[in-house]
Amino acid sequence: MVEVHLDGVGKAYDDVAALEDVTLHVDDGEFFTLVGPSGCGKTTTLRAVAGFEPPTRGTVCFGDRDMAGVPPEDRDVGIVFQNYALFPHMTVAENVGYGLRFRDPPGARTPDERVAELLELVDLGGLGDRDPEELSGGQRQRVALARAIAPGPDLLLLDEPMSALDARLRESLRTQVRAIQSDLDITTIYVTHDQEEALAVSDRVAVMRDGRVEQVGSPEAVYRNPDSRFVAEFLGENNVFDGRVVADGPAGVRVAVGDREFVVPGTGAPGERLTFCVRPEQLRLGGVAERGSAAHQTESGGGENQFDASVETVEFLGEAFRVHLDWDGRQVTLRVPEEPDGETVRVGFDASDVHVIETADVATPSR
Ligand code: ATP
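Note that this is a predicted model, so its numbers are computed, not measured.

Undergrad: Got a minute to help me understand the packing of aromatic side chains in this structure?
TA: Centre-to-centre distance and the angle between the planes together describe a pair of aromatic rings. Applying the stated criterion across every chain, the model contains 13 aromatic pairs. Judged by centre distance (4.5 Å) and plane angle (50 degrees), the ring pair of Phe-87 and Tyr-98 falls under tilted. Linking Phe-87 in the loop between strand S6 (77–80) and helix H2 (92–97) with Tyr-98 in the loop between H2 and helix H3 (111–121), this pair joins segments that are eleven residues apart in sequence. With centroids separated by 6.2 Å and ring planes inclined at 65 degrees, the aromatic side chains of Phe-241 and Phe-307 adopt a geometry described as edge-to-face. Of this pair, Phe-241 sits in strand S11 (residues 239–249) while Phe-307 is found in strand S16 (residues 306–316), placing the two residues 66 residues apart along the sequence. For the pair Phe-241 and Phe-307, one class covers both residues: buried. An aromatic cluster is defined as three or more aromatic residues linked by ring pairs; in this entry it consists of Phe-241, Phe-262, Phe-276, Phe-307, Trp-327 and Phe-349.

Below, the structure is given as structure tokens:
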């Protein structure tokens, strides 16, 4: 197993900068995920680690070893791509055993024993004689996974391996991939644009944007404490509010958003801009609003963080309702167990559920 370090990695294709500056450190045995919107540079980063795309600048090291000039076949890396990439003229077992032509299996096993062991590991025992075309999409990806890990590589690279599969299959396969990875304790870099998948399987997540790493952390840390508006909005649904500090107090800072004032954690000087977010599941319906009342505020107690908004759409999700609201031109989303009653609702939230994203001096232009 190996640690992977990328320092200041950039990659340009003619005049396209695919990677601007990527610095990442992946720990030994870690399941590390690159997540971000299409075109942010996830695949290019993975290809730089695999050795397919030499960086234009910066370094890729495995442990202490600088990998510059080391060809992909000498990097001891197993790779699974999005599109299966199985050899169609080989059986499932031959596909899995392919890498063992060039390298002895780990442990004191014969290649046949290793292939049988891996087919069992990915739940395909007994299907070794089939052709790839006789398998489902999920089974093919498990063959691809078995083939990648057969030689016992130091590092596993997975590039959107589930994106061609339907939602239910993706969920069961991602659990299986994670379990196998934990079992083998193999350092893994996983690429996905699916934020839910990233949160579900990873030890740590790197959120990428425009060829850079925006934030790295555990799934809970990046979900609960996003450093930027981009991360707040990319990972799951969020409600981001731009406000201005009115007063600082012992219970937090009082912030004006539109014609409302809220108390949120932290400190700030009057006049400063302050952006905060509240997840849809942290907002609650606080009773039916009085018709015609644009704002309602009590001076103390739990009623402070409230606003009235009009209901735009309601979606039934099974375990909850997702409600889209309009609050004086701002789009607000909440998830609640009960369908709202009425066209206008009062929404409340606790200061302790607020995450402050950025505080900027009044002179700083708003982003
Ligand atoms: P997706 O989720 O859509 O696969 P990604 O985050 O993996 O996207 P990359 O494939 O790494 O993104 O691409 C990053 C940027 O580099 C994009 O703007 C892409 O168009 C560009 N790019 C990637 N490969 C090449 C290439 N061979 N030649 C020119 N530009 C490229």
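Continuing now.
Undergrad: Help me out: how do you make sense of the domain arrangement of the protein in this one?
TA: In many analyses, interface size is given as the accessible surface area lost on bringing the parts together. Its domain assignment divides the protein into domain 1 (4–234) and domain 2 (239–360). Each of domain 1 and domain 2 has a C-alpha centre, and the two are 40 Å apart. If you look at the interface, domain 1 gives nine residues, while domain 2 gives nine residues. Regarding the contact of domain 1 and domain 2, the summed buried area is about 740 Å², with carbon and sulfur atoms giving 44% of it. Ranking the residues of domain 1 by area buried against domain 2 places Tyr-223, Arg-229 and Ala-232 at the top, with a combined share of 64%.

Undergrad: Is there a simple way to think about the pairing of strand S12 (residues 252–257) in this case?
TA: On a regular strand, one side chain projects to one face of the sheet and the next to the other, so that they alternate. The pairing of S11 with S12 spans five bridges and is antiparallel. Counterpart to Gly-249 in the pairing with S12 is Gly-252. In this structure, the hairpin formed by S11 and S12 is closed by a connection of two residues. The sheet contact formed by S12 and strand S13 (residues 260–264) spans five bridges and is antiparallel. The residue of S13 that forms the bridge with Val-257 is Arg-260.

Undergrad: Just checking my understanding: could you explain the site of the ligand for this structure?
TA: Near the ligand the following residues occur: Tyr-13, Ala-18, Pro-37, Ser-38, Gly-39, Cys-40, Gly-41, Lys-42, Thr-43, Thr-44 and Glu-160. Residue Ser-38 places a side-chain N or O atom 2.6 Å away from an oxygen atom belonging to the ligand. With respect to the ligand, the backbone of Cys-40 contributes an N or O atom lying 3.1 Å from an oxygen atom. Coverage of the ligand by the protein chains reaches 59% of its 630 Å² of free accessible surface. It is helix H1 (residues 42–50) that contributes the most residues to the shell around the ligand, three residues altogether.

Undergrad: Please clarify how a negative patch on the surface should be interpreted in this entry.
TA: Judged by side-chain charge, Glu-3, Asp-27, Asp-28, Asp-64 and Asp-185 come together as a negatively charged surface patch. Topologically, Asp-28 is positioned in the loop between strand S2 (16–26) and strand S3 (31–35).

Undergrad: Would you take a moment to explain helix H5 (residues 167–184) for this structure?
TA: Working note: α-helix, 3.6 residues per turn, so residues spaced by three or four point in the same direction. An ideal rise of 1.5 Å per residue puts 26 Å on 18 residues; H5 measures up with 26 Å between its terminal C-alpha atoms. Taken together, the buried positions of H5 are occupied by Arg-170, Leu-173, Arg-174, Gln-176, Val-177, Arg-178, Ile-180 and Gln-181. Tucked into the core, H5 has its buried residues touching S3, H3, helix H4 (137–149), strand S7 (155–159), strand S8 (187–192) and helix H6 (195–201). Residue Asp-166 occupies the N-cap position of H5, its side-chain oxygen lying 3.1 Å from the main-chain nitrogen of Arg-168. Where H5 terminates, the next one or two residues include Asp-185, which has phi positive at roughly 60 degrees.

Undergrad: What is the right way to look at empty space enclosed by the protein in this model?
TA: Empty space left among the atoms is revealed by rolling a probe the size of a water molecule over them. Within the structure shown, the criterion is met by three cavities of 30 Å³ or more. Taken as a whole, the largest cavity holds about 60 Å³ of empty space. Lining the largest cavity we find Val-80, Gln-141, Arg-142, Leu-145, Leu-158, Pro-161, Met-162, Leu-173 and Val-177. Within the residue set of the lining of the largest cavity, elements represented by two or more residues are H4 and H5. In terms of residues, the lining of the largest cavity owes the most to one element, H4, which gives three residues. The class makeup of the residues in the lining of the largest cavity is seven nonpolar, one polar and one charged.

Undergrad: What is the right way to read the environment of Phe-316 from this model?
TA: Mapped onto the elements of the fold, Phe-316 is located in strand S16. By relative accessible area, Phe-316 is classed as exposed at 61%. In this structure the C-alpha to C-alpha distance between Phe-316 and Ser-182, which are 134 residues apart in sequence, comes to 36 Å.

Undergrad: I'm lost on the nonpolar core in this one. Help?
TA: In summary, soluble globular proteins display a tendency toward joint burial of nonpolar side chains. Ranked by internal contacts, the top residues of the largest apolar core, which has 30 residues, are Val-96, Val-143, Leu-145, Ile-149, Leu-156, Leu-158 and Val-177. The set of elements that each furnish at least two residues to this core consists of H2, H3, H4, S7 and H5. Among the elements that line this core, the one with the most residues is H4, at six residues. If we ignore the near neighbours within four places in the chain, the residues touching Val-96 are Val-115, Leu-118, Leu-119, Val-143, Ala-146, Arg-147 and Ala-150.

About the cut-offs
Residues numbered from 1 in each chain as written. Predicted model: local features only at pLDDT ≥ 70, side-chain atom pairs only at ≥ 80, totals over all residues. Heavy atoms only, no water. Phe/Tyr/Trp six-rings, centres within 6.5 Å; stacked < 30°, edge-to-face > 60°. Helix = DSSP H or I, 4+ residues; strand = E, 2+ residues; numbered from the N terminus. Buried < 20%, exposed > 50% of the residue type's maximum accessible area, 1.4 Å probe, protein only. Domains from an automatic or database assignment. Contact = heavy atoms within 4.5 Å. Buried area = accessible area lost by both parts, 1.4 Å probe. Pairing = 2+ DSSP bridges. Near = heavy atom within 4 Å. Polar contact = N/O pair within 3.5 Å; in protein donor to acceptor, adjacent residues only side chain to side chain. Areas by Shrake-Rupley, 256 points an atom, 1.4 Å probe, with all protein chains shown as cover. Patch = residues over 30% accessible without salt bridge, like charges linked within 9 Å, V, L, I, M, F, W, Y side chains within 5 Å. Salt bridge = Lys/Arg side-chain N within 4 Å of Asp/Glu carboxyl O. Lys, Arg positive; Asp, Glu negative; His and termini not counted. Charge placed at Lys NZ, Arg CZ, Asp CG, Glu CD. Expected span 1.5 Å × (residues − 1). 1 Å grid on protein atoms, 1.4 Å probe; cavity = no way out; pocket = protein on both sides within 12 Å on 5 of 7 lines; lining within 4 Å. Points joined across faces, edges and corners; volume = space filled by probe spheres on them. Nonpolar A, V, L, I, M, F, W, Y, C, P; charged D, E, K, R; others polar. Core = buried A, V, L, I, M, F, W, Y, C linked by side-chain atoms within 4.5 Å.

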